[in-house]
Amino acid sequence: MRMVPTRHSGARAKPASPESMTTGRGYGFRPSPLSRLGRNDATERKGLTALSHERSASEFAHNTGFAAALRHARYILSENAVTGFAFALFLLIVLAAVVGPYLVPYDPLASDTAAALKPPSAAHWFGTDQLGRDIFSRVVVATRLDFLIAVTSVALVFLMGGLAGVAAGFFGGWTDRVVGRIADTIMAFPLFVLAMGIVAALGNTVENVVLATAIVNFPLYARVARAEANVRREAGFDLAARLCGNGEMRILLAQILPNIMPIMVVQMSLTMGYAILNAAGLSFIGLGVRPPTAEWGIMVAEGAAFMVSGEWWIAFFPGAALMVAVFCFNLLGDGLRDIVDPQRRT
Amino acid sequence: MLRMVAKRMLVAVPSLVGVVIVTFLLTRALPGDPAAYFAGPAATKEAIEQIRQKLGLDKPLYVQFVRYVGDLARGDLGNSLTTGQPVADEIKTRLPASAELTLLGLIVAMSIAVPLGILAATRPNSMIDHLCRLIVTAGVSLPVFFTGLILIYVFYYLLGWAPAPLGRLDVFFSPPPQVTGFYLIDSLIAGDGEVFAASLKQLVLPALTLGIFALAPIARMTRASMLAVLASDFVRTARASGLSPATVVITYAFRNAMLPVITTLGMVFSFLLGANVLVEKVFAWPGIGSFAVEALIAADFAPLQGFVLTMAVMYVALNLLIDVLYGIIDPRVRIEA
């Protein structure tokens with residue numbers, strides 16, 4: 001995957017571009033990596049003036065390709081410790097989702113009425129709930145379900161919104177109008193309310209929570225993909241591919257799509273946090289996941305009644321887990337964007 | 001000016017049409033039998049067939065749609081299964097509770113976020129800038145129902161400052177005579193200071209919860225747009241002309257920086273109206289959000305459909321209002337239109 005090329009030459013210092021203002025994502029005046037840019041510009045210039053030189057070819061290779069992307073990622077991570085931290089946290093969440101259920105000390109569903117409503121202790125790190133279930137075990141086990149809901153809904157919306165957006169940007173015309181109209185209609189609803197309506201109508205299941213979360217994110221993906229595909233529809237590599245006799249569909253899938261993937265990956269990471277929040281919110285009001293399944297949103301809902309009588313730990317730990325996960329995805333998304341799209345960082 | 005408003009209203013029409021079509025499709029064209037749904041689980045085959053005819057579900061889809069639009073035009077949103085009451089009446093009586101809460105939440109958010117964003121933008125890399133950065137990043141990660149519960153624990157259980165999170169008014173008080181439906185305003189009209197204080201006490205925590213939720217995007221946008229404006233030529237000129245820093249920031253920069261912030265309000269409202277449902281559930285607030293949640297639990301679809309429709313229509317109207325407001329603030333928009 002070629003992530004880095006072409007960015008260096010265009011990296012002008014923009015204090016707050018209109019783009020970063022409309023997306024609202026740009027934040028912070030970090031010292032821009034001018035020294036690095038200067039070096040790259042210098043090597044590029046050297047390469048251009050001495051094209052016949054063999055060394056210049058190797059320097060071009062030095063600045064592109066997978067190894068360069070890794071180097072660039074390492075550079076960003078070393079400069080921005082927060083992204084590194086978020087990445088470590090992400091690994092921890094993935095680990096909890098994959099092996100968590102095998103490591104937890106208690107069965108997340110086993111009730112023990114003798115030990116009900118116990119505050120956090122050495123035996124029960126996060127305390128126990130009204131049925132005596134171990135909250136630590138439930139929080140860890142729930143990671144898999146929450147993570148799975150978020151990942152599948154993001155993958156689904158990438159397939160629906162991403163492809164529709166690419167087609168709209170590439171073909172224009174009525175494809176563009178249809179996709180735009182669908183996106184506008186979805187945007188006419190407050191998103192969480194629409195998700196509620198969809199799950200209630202389609203049936204109260206986890207699959208429909210995933211689908212509803214994907215649908216409400218559709219406009220976001222369609223718009224980004226449309227804009228990115230649109231600026232690339234007449235790019236040199238498209239013309240070359242067309243000249244070689246490739247069909248439009250093939251150009252779309254083999255040329256345009258791989259080129260906008262980095263930006264879509266950032267988009268996926270940024271919406272992952274929202275997807276988890278949305279799904280947890282739905283299960284908090286009783287949609288999707290049913291008790292006694294361990295899921296963060298429903299666990300907060302179960303603990304809500306005990307908040308007024310002082311048993312804070314029942315709702316607190318799943319809520320905190322939810323918060324940490326969303327926080328991690330947001331930081332990671334910002335960090336990924338820095339790697340993929342340095343111009344957006346302000 | 002009027003032309004701009006009229007033009008903008010025309011743009012809102014397709015949105016409304018889309019909203020009506022989607023809410024229609026949500027009940028009718030989806031898998032499952034609405035007649036069996038409305039008849040309830042214990043109904044016989046004949047009863048279901050009867051209901052099917054009564055609801056017009058045996059007719060083709062477009063006939064049903066025309067009928068649905070006709071009902072809507074007469075303000076008929078159907079009847080609730082559980083209470084048998086018209087949904088429209090219920091929503092009408094509950095709407096002020098939600099509106100009061102949402103508006104107060106927005107006021108809380110704006111009154112914290114805008115000064116915070118301005119201070120952060122005028123003092124880059126200072127303590128307040130870092131604080132702003134922290135609040136903005138943490139704010140988008142906080143599940144709104146979780147914030148509400150934490151506030152309840154701290155301010156009700158631990159400190160005892162807030163009243164029990166059970167609705168709009170303590171049981172010892174009776175609501176003020178209805179004029180606007182907003183208890184704060186109605187109690188003032190009635191001149192009842194006690195009821196005003198009591199309803200304000202009930203409002204503080206849920207409004208704060210919503211405010212914390214909506215704060216992050218507003219603060220982030222204020223800061224970004226303030227930074228852009230402060231770096232612009234006319235601010236430099238104003239500074240060079242020797243105007244005081246306060247005049248430059250407030251009169252020159254602030255007014256221009258507000259434009260993108262107002263645009264963001266559309267998105268903020270989308271979040272706010274959704275978060276409202278969760279906050280109403282946490283605080284047992286008798287608004288339309290908790291009405292919808294109750295209907296969800298009872299698998300009662302008509303109230304839910306009415307709720308989704310009401311929310312969407314309100315959201316379209318709010319966006320319209322924002323656009324008009326934008327035109328009032330920025331004369332350039334008016335000229336373009």
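This structure is a prediction, so every number in the text was calculated from the model and none was measured.

Attention now moves to the overall build of chain A. A count of helices and strands for chain A gives 14 helices and zero strands. Moving toward the C terminus, one meets the helices and strands of chain A in the order α-α-α-α-α-α-α-α-α-α-α-α-α-α. Split into buried and exposed, the 346 residues of chain A put 44% on the buried side. Taking the contacts inside chain A whose residues are at least 6 apart along the sequence as the reference set, 70% of them involve residues at least 24 apart.

Another aspect to go through is the overall build of chain B. When helices and strands are tallied, chain B shows 14 helices and zero strands. From first element to last, N terminus to C terminus, chain B shows the α and β order α-α-α-α-α-α-α-α-α-α-α-α-α-α. With the C-alpha coordinates aligned to their principal axes, the bounding extent of chain B is approximately 85 × 55 × 40 Å.

Here is a general trend for soluble globular proteins: nonpolar side chains tend to be buried in one another's company. Counting 174 residues, the largest nonpolar core has A195, I276 and V300 of chain A together with L149, I218 and A292 of chain B as its most contacted members. For this core, the element with the highest residue contribution is helix 9 (residues 193–230) of chain B, accounting for 19 residues. Look past the residues within four positions of A292 of chain B in its chain and what remains in contact with it is M196 of chain A together with V277, P303, L304 and F307 of chain B.

What follows is about unusual backbone geometry. With an omega of 10°, the peptide bond running from P291 of chain A to P292 of chain A counts as cis. Tracing the chain through its elements places P292 of chain A in the loop between helix 12 (248–284) and helix 13 (296–307). One non-glycine residue with positive phi stands out, namely A284 of chain B, at about 50°. Along the chain, the position of A284 of chain B falls in the loop between helix 11 (245–282) and helix 12 (288–297).

Let us now look at the interface of chain A and chain B. With 44 residues of chain A at the interface, the matching set in chain B holds 52 residues. Secondary-structure elements contributing two or more residues to the side of chain A that touches chain B are helix 2 (18–23), helix 8 (173–187), helix 9 (191–202), helix 12, helix 13 and helix 14 (313–340) of chain A. The element that contributes the greatest number of residues to the side of chain A that touches chain B is helix 9 of chain A, accounting for nine residues. In terms of residue class, the side of chain A that touches chain B is built from 31 nonpolar, 12 polar and one charged.

Time to look at helix 8 of chain A. Relative to the 21 Å expected for 15 residues at 1.5 Å per residue, helix 8 of chain A spans 21 Å between its end C-alpha atoms, a close match to the ideal helical length. Turning to helix 8 of chain A, its buried residues number three or more, namely V179, A183, T185, I186 and M187 of chain A.

Here we take up the environment of L25 of chain B. Residue and element names in this part refer to chain B. The residue L25 is located in helix 1 (residues 2–28) in this model. On the basis of neighbour count, L25 is assigned to the partly exposed category, with 13 C-beta atoms found within 10 Å. Distance from L25 to F65, taken between C-alpha atoms, is 8.9 Å for residues 40 residues apart in sequence.

Before going further, it helps to spend a moment on the confidence of the model for chain A. With 78% of its residues at a pLDDT of 70 or more, chain A shows a mean pLDDT of 76. Here residues 1–58 of chain A scores under 50 on pLDDT; set against residues more than four positions off or in separate chains, the count is 71 contacts.

Residues and elements named next belong to chain B. Taken over all residues, the pLDDT of chain B has a mean of 83, while the share at 70 or more is 93%. By mean pLDDT, helix 2 (residues 34–39) is the weakest element of chain B at 66, and helix 5 (residues 87–122) is the strongest at 89. Reported for the predicted complex are a pTM of 0.80 and an ipTM of 0.85.

A few words now on the environment of E295 of chain A. Residue and element names in this part refer to chain A. Relative to the elements of secondary structure, E295 occurs in the loop between helix 12 and helix 13. Along the chain, E295 and N204 lie 91 residues apart, while their C-alpha atoms are 15 Å from each other. Beyond its immediate sequence surroundings of up to four residues, E295 is in contact with A142, L145, D146, S283 and V289.

About the criteria used
Residues numbered from 1 in each chain as written. Chains lettered and ligands numbered in written order. Predicted model: local features only at pLDDT ≥ 70, side-chain atom pairs only at ≥ 80, totals over all residues. Helix = DSSP H or I, 4+ residues; strand = E, 2+ residues; numbered from the N terminus. Buried ≥ 20, exposed ≤ 12 C-beta atoms within 10 Å, placed from the backbone. Contact = placed C-beta atoms within 7 Å. Core = buried A, V, L, I, M, F, W, Y, C linked by C-beta atoms within 7 Å. Nonpolar A, V, L, I, M, F, W, Y, C, P; charged D, E, K, R; others polar. Expected span 1.5 Å × (residues − 1). pLDDT = per-residue confidence, 0-100.

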